[in-house]
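The residues making up each chain are set out below.
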Amino acid sequence: MKRPGLPFRRIWDRIQPYYGGSSRRLPGLAVSSILGGFAEAGLLYAVVRVAVAIAAGEDSVDLSLGPIAADGVRLGVLFGLCGGFLLLRLGFAVWGSVLTARIATETLRLSRSRVFSDFLHADWPTQSAEREGDLQELLSTHVGRITAGATMLSTGMVAFFNFITIVLSALVVSPAAAGISLLGAGLLAVVLRPLSKMTRRLSGDWAASNREVASRVAEGVRVSQEIQVFDVADEVNADMERYVRPSLRLFYRSRLIARFTPEVYQVTALGLVIAAMALVWGTGVDDGSQLGAVVLLLVRALTYSQQLQTTVQQANELAPYLEQLTTQFEIYERAARPRDGEPLGTVTDLRFEEVEFAYVSNVPVIRRLSFSIEPGEAIGLVGASGSGKSTVVQLLLGLRQPLGGQYLVNGHAAERYALDDWYRHFAYVPQDNKLLRATVADNIRFFRSGFDDQAVERAARLAHLHDEIARMPDGYDTIIGSGAADLSGGQRQRMGIARALLENPSVLVLDEPTSALDVRSETLVQQSLTELHGRTTLIIVAHRISTLGICDKLMVLREGRLEAFAAPDEVATSSDFYRDALRLSTLGGARGEG
Ligand SMILES: Nc1ncnc2c1ncn2[C@@H]1O[C@H](COP(=O)(O)OP(=O)(O)OP(=O)(O)O)[C@@H](O)[C@H]1O
Ligand SMILES: [Mg+2]
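One pass over the full model with this rule turns up 11 aromatic pairs. Relative to W422, the ring of Y417 has its centre 6.5 Å away and its plane inclined at 25°; by these criteria the two rings are stacked. Summarising the burial analysis for this pair, Y417 and W422 share the class buried. Pairwise contacts between aromatic rings join F352, F371, Y407, Y417, W422, F426 and F565 into one cluster.

So, on to a positive patch on the surface. Where like charges cluster on the molecular surface, the positive patch consists of R201, R245, R249 and R253. For the positive patch, the element with the most residues is helix α9 (residues 233–283), which contributes three residues. Positionally, R249 belongs in helix α9.

Moving on, we get to a nonpolar patch on the surface. Taken together, V31, L35 and W95 make up a surface patch of nonpolar side chains, about 250 Å² in accessible area. By secondary structure assignment, the location of L35 is in helix α2 (residues 26–56). What makes L35 partly exposed here is its relative accessible area of 37%.

For the rest of this paragraph, the subject is the sheet that holds strand β14 (residues 561–566). Overall, mixed pairing links the six strands, which are arranged β8-β11-β12-β5-β13-β14 in an open sheet. A strand with exactly one partner marks an edge of an open sheet, and here the two such strands are β8 (426–429) and β14. Direction aside, neighbouring strands of the sheet carry axes that sit 15° apart on average. Sheet analysis places strand β13 (residues 553–558) next to β14, joined by five bridges and oriented antiparallel. When the bridges of β14 are listed, V556 appears paired with A564. Sitting on the sheet, helix α11 (residues 389–396) is in contact with β5 (378–383), β8, β11 (507–511), β12 (537–541) and β13, with an inclination near 140° to β5.

By the secondary structure assignment, D118 is in helix α3 (residues 75–121). For D118, a relative accessible area of 12% puts it in the buried group. Non-local contacts of D118, meaning those with residues more than four positions away in its chain, are made with F329, Y332 and E333.

Next up on the list: the site of ligand 1. Close to ligand 1 lie Y359, V365, A384, S385, G386, S387, G388, K389, S390, T391 and E512. Within the backbone of G386, one N or O atom sits 2.8 Å away from an oxygen atom of ligand 1. Backbone polar atom of G388 to an oxygen atom of ligand 1: 3.0 Å apart, as the coordinates give it. Relative to its unbound accessible area of 640 Å², ligand 1 is 58% covered by the protein chains. The greatest single-element share of the shell around ligand 1, amounting to three residues, is contributed by α11. A class-by-class count of the residues in the shell around ligand 1 yields three nonpolar, six polar and two charged.

Look at α9: 74 Å from first C-alpha to last across 51 residues, which is about the 75 Å you get at 1.5 Å a residue. At R242, α9 is bent by approximately 25°, the largest bend along its length, and proline P246 sits one to four residues beyond.

Below, the discussion takes up a negative patch on the surface. A cluster of acidic residues, E58, D59, D62 and D71, forms a negative patch on the protein surface. Tracing the backbone shows D71 in strand β2 (residues 68–74). Residue classification places D71 among the exposed residues on the basis of a relative accessible area of 65%.

Topologically, M277 is positioned in helix α9. Residues M277 and V295 lie 18 residues apart in sequence; the distance between their C-alpha atoms is 7.9 Å.

Our next topic: the sheet that holds strand β7 (residues 412–413). If you trace the four strands from one edge of the open sheet to the other, you get β4-β3-β6-β7, paired in antiparallel fashion. Two strands bound the open sheet, and with one partner strand each, they are β4 (363–373) and β7. Relative to β4, strand β3 (residues 350–360) runs antiparallel, the two being bridged by seven bridges. Within the sheet, the bridge partner assigned to V360 lies in β4 and is V363. Helix-sheet contacts for α11 involve β3, β4 and β6 (404–409), and the interaxial angle to β3 is about 120°.

Let's shift gears to unusual backbone geometry. The phi dihedral of N504 falls on the positive side, at around 55°, and the residue is not glycine. Inspection of the secondary structure puts N504 in the loop between α16 (489–501) and β11. On the basis of relative accessibility, which here comes to 53%, the residue N504 falls in the exposed class. Its identity as a non-glycine residue notwithstanding, E559 has a phi of 45°, on the positive side.

In this section: the pairing of β2. As paired elements, strand β1 (residues 60–65) and β2 share five bridges and run antiparallel to each other. What sits directly across from S64, in β2, is A69. Connecting β1 to the antiparallel partner β2 that follows it, the hairpin turn spans two residues, and G66 within it adopts a positive phi of roughly 55°.

Once that is clear, we can look at the packing of helix α7 (residues 193–222) against α9. Running from N to C, α7 and α9 cross one another at 150°; their axes reach a closest spacing of 9 Å. What the angle tells us is that α7 and α9 run roughly antiparallel. Crossing geometry of α7 relative to α9 is assigned as left-handed. Between α7 and α9, the residues in contact are L195, M198, T199, L202, D205, W206, S209, E212, V213, R216 and V217 and D239, M240, Y243, V244, S247, L250, F251, R253, S254, I257 and T261, respectively. Its residues assigned to classes, the contact of α7 with α9 shows 12 nonpolar, five polar and five charged.

Turning our eyes to something else, we now look at the environment of S174. Tracing the backbone through its elements, the reader meets S174 in the loop between α5 (134–173) and α6 (175–191). When its relative accessible area of 3% is taken as the criterion, S174 is described as buried. When the C-alpha atoms of S174 and R367 are compared, they prove to be 83 Å apart, with 193 residues separating the residues in sequence.

Next up on the list: the domain arrangement of the chain. If you check the domain split of the chain, you get domain 1 (7–334) and domain 2 (350–589). Spacing between the C-alpha centres of domain 1 and domain 2 amounts to 55 Å.

Applying the stated criterion across every chain yields a total of 20 salt bridges. One salt bridge in this structure joins D118 and R114, with 3.5 Å as the shortest N-O distance. Of the two residues, D118 and R114 are both situated in helix α3; the distance of four residues between them amounts to about one turn of the helix. Assessed through its relative accessible area of 23%, R114 is described here as partly exposed. A salt bridge links R520 to E468, with the shortest nitrogen-to-oxygen separation between them at 3.0 Å. Of this pair, R520 sits in helix α17 (residues 519–532) while E468 is found in helix α15 (residues 466–470), placing the two residues 52 residues apart along the sequence. Taking relative accessible area as the criterion, R520 reaches 48% and is therefore assigned partly exposed. What you see here is one network of salt bridges that share partners, running through E40, R89 and R300.

Calculation notes
- Residues numbered from 1 in each chain as written.
- Chains lettered and ligands numbered in written order.
- Predicted model: local features only at pLDDT ≥ 70, side-chain atom pairs only at ≥ 80, totals over all residues.
- Heavy atoms only, no water.
- Phe/Tyr/Trp six-rings, centres within 6.5 Å; stacked < 30°, edge-to-face > 60°.
- Buried < 20%, exposed > 50% of the residue type's maximum accessible area, 1.4 Å probe, protein only.
- Patch = residues over 30% accessible without salt bridge, like charges linked within 9 Å, V, L, I, M, F, W, Y side chains within 5 Å.
- Areas by Shrake-Rupley, 256 points an atom, 1.4 Å probe, with all protein chains shown as cover.
- Salt bridge = Lys/Arg side-chain N within 4 Å of Asp/Glu carboxyl O.
- Lys, Arg positive; Asp, Glu negative; His and termini not counted.
- Charge placed at Lys NZ, Arg CZ, Asp CG, Glu CD.
- Helix = DSSP H or I, 4+ residues; strand = E, 2+ residues; numbered from the N terminus.
- Pairing = 2+ DSSP bridges.
- Axes fitted to C-alpha atoms, helices over the stretch in contact; angles between N-to-C directions.
- Contact = heavy atoms within 4.5 Å.
- Near = heavy atom within 4 Å.
- Polar contact = N/O pair within 3.5 Å; in protein donor to acceptor, adjacent residues only side chain to side chain.
- Nonpolar A, V, L, I, M, F, W, Y, C, P; charged D, E, K, R; others polar.
- Expected span 1.5 Å × (residues − 1).
- Bend = angle between axes of the 7 residues up to and from the residue.
- Parallel < 35°, antiparallel > 145°, perpendicular 65-115°, else oblique.
- Left-handed = near helix turned anticlockwise from the far one by under 90°.
- Domains from an automatic or database assignment.

Below, the structure written as structure tokens:
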């Protein structure tokens, strides 16, 4: 395909991946606009000749279109010609519109599914680094812009070919007048180039500030309860205003230039047509008999060139958004986790060998950590806040990879196993379980297929949640989650355990499962863990001594190093941290210096 103009090329390079199968519609669009353009030129020419003949009281005209000349064509025939051109023009317009709409729809489908899917398949470090609201903004605004870009490209292409064909026709009718106008229009486009550059820069800044605002809105929604109780709505709003104000200035300026450029262009180009007419009239380079038709054609070409100008403008405005989107896709796609690997039948042992990890280079969080866990063991992971417990959990789950040393599962590097198998065997209960807006049963299933109602109920019973579900208005079909009935903290925690147990995992990792629970819920969670003990490898991050009671061994972390790893009695004598904690009777009251 021909790539008219620079901004179009930029847009084309960005949008092309979302055209998918629609690319094959582009030649059709070009053909329909070229043929449509010629039909329109023919129509305009015939209309003017008919009008002039009627005004002069003649009933036939002499036609002259470059090499084609016909004398004494009757008006009736010309009317017929007009009708024919009209139908052709309409037909090509319909064809072009259908193609444009199809292309836009396909682009919408592909870009929307790609943003979401790329995000979902990116690794955890990339996902967790994602700012709140950014993805939503990408999905709504930016995807909308891709679609707008695709439509705009089509419109621009149609305008371009229409313009070319009408200008060609004008050149055939009156080479001098058309030539002069065209030359002037070309010069004008060069003169207006700096304005286009400015538009691009302004809209780049505007796009960036939009993302900032979206992020802040998302954050405001998440912490709205805190905003209420700290009574800081005005302060949050004022803070938001600080971000909104500069972006409004950008918006105003980009709007101004966007409106102004095409107006300048149109007025000046119209002046050029007048100048060309004056030149023909003054010099007599053309015979002047077809001047009416050529002026009409040039004015029409002007409309198309204005459309083209507007699309160039829009292309400049869109370019930064598409660049951001493409960058984001590249980040996600680079971070996609390979799914293939060796099968993992069952987990027999877990071993860390001198594992090192850091979130930020030169700030080690885990240092030369070595330990080995036997199947069915229950391990309590303790240590002061910031000692690296949650980091070890993420490493154990394969969500993050060691920067040094090795993580071995069944004696082989953990990352060599296929992801499907891996996550069937490794389950996780986060501290803050999030509910989906769905039925209780679907919350336990969490999108995993192939689990019938019995399997769901079994998991709920293991998590000691079944009795409470049975008392809900619709039992397992009760809708819970955002905007519907909420669960208590303890119920949500047990929902997390039910979720994790659905697939009968070999290894269950729990991050502070009881820290926020009342005594009854804590007892129920402990009961579940006791029942699993021996069958499933349990790794429990906990602050409460009572929860650690079921553990065979305790692993004490201190600033990312292993301070102790032994039976609780032994640890009580060897670890200062644990001794202190025992003295205070709950680890939650432990001093933070580790
Ligand atoms: N995403 C991150 N980026 C940078 N640093 C991080 C990140 N997550 C954790 N850290 C840092 O790593 C260290 C260990 O954090 P980690 O969350 O593993 O501690 P923890 O033992 O789980 O603490 P707590 O008991 O408070 O949950 C801390 O110094 C923390 O500031
Ligand atoms: Mg933690």
